[in-house]
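# Survey of secondary and tertiary structure
Next come the chains, spelled out residue by residue.
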Number of protein chains: 2
Amino acid sequence: MADNTRNKLTTTIYGREYIIVGVETIDHLRHVARLVDEKMHEIGSQNRSLDNGRLAVLTAVNATHDYLKLEEKYQELEKELARLKGRE
Amino acid sequence: MADNTRNKLTTTIYGREYIIVGVETIDHLRHVARLVDEKMHEIGSQNRSLDNGRLAVLTAVNATHDYLKLEEKYQELEKELARLKGRE
């Protein structure tokens, strides 16, 4: 049977409280929240005139960009793996 | 010589205008902006009481979560590849 337990974390990101819910461990949820908080502080320190909403959008843009770059690398690795397996 | 040309895209995300700058192609920047816009609309439609700032933070949380999950898969693929190469 699949374990569908949902974990719930109350955490602070950039000075506001959020409840984050997910099937992942509390440690994973905490890790995600900490990364977003750090990235918001990093982008905020470089762009002091940004309001929090715009800052959060640019943080989402940043995270999505990182995701797409990693996805490209992942697909390359998949191709390499398929090549190697084809030779077996 | 490395190509350090920076591209600049003016785009709208969730009704507000942003200038996104990066060394990637304009198509890549546009793709990122579209994904963030779509995700904000998706999360916003499920949580109509959220203000835009909180909505953007949750979008960043979502994207960062996706990144970490893909990173785990990437690392597993790297290990499998190393095993296969070790057998060559």
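Whatever comes next refers back to the structure up there.
Report on the accompanying structure. Computed from a predicted structure; not experimentally measured. (Residues numbered from 1 in each chain as written. Chains lettered and ligands numbered in written order. Predicted model: local features only at pLDDT ≥ 70, side-chain atom pairs only at ≥ 80, totals over all residues. Heavy atoms only, no water.)

## Remarks on the relation of the copies chain B and chain A
- Rotating chain B by 180° about the axis while translating it 0.0 Å along that axis superimposes it on chain A, leaving an RMSD of 0.0 Å. When the rotation and shift are considered jointly, the pair of chain copies conforms to a two-fold rotation axis.
- Most of the interface of chain B is mirrored in chain A, where 98% of its interface residues again form contacts. (Least-squares fit on C-alpha atoms with pLDDT ≥ 70 in both. Contact = heavy atoms within 4.5 Å.)

## Notes on the layout of surface pockets
- In this structure, the largest pocket occupies an estimated 410 Å³ of space.
- In this structure, the largest pocket is lined by 18 residues; those nearest its centre are Ile20 and Val21 of chain A together with Leu58, Val61 and Asn62 of chain B.
- Counting residues per element, the ones that place at least two in the lining of the largest pocket are β2 (16–22) and α1 (26–46) of chain A together with α1 (26–46) and α2 (52–87) of chain B.
- Along the lines of polarity and charge, the residues of the lining of the largest pocket split into nine nonpolar, five polar and four charged.
- By volume, the second largest pocket is sized at about 330 Å³.
- In terms of lining residues, the second largest pocket is bounded by 14 residues, among which Leu58, Val61 and Asn62 of chain A together with Ile20 and Val21 of chain B are the most central.
- Counting residues per element, the ones that place at least two in the lining of the second largest pocket are α1 and α2 (52–87) of chain A together with β2 (16–22) and α1 of chain B.
- Top contributing element to the lining of the second largest pocket by residue count: α2 of chain A, with four residues. (1 Å grid on protein atoms, 1.4 Å probe; cavity = no way out; pocket = protein on both sides within 12 Å on 5 of 7 lines; lining within 4 Å. Points joined across faces, edges and corners; volume = space filled by probe spheres on them. Helix = DSSP H or I, 4+ residues; strand = E, 2+ residues; numbered from the N terminus. Nonpolar A, V, L, I, M, F, W, Y, C, P; charged D, E, K, R; others polar.)

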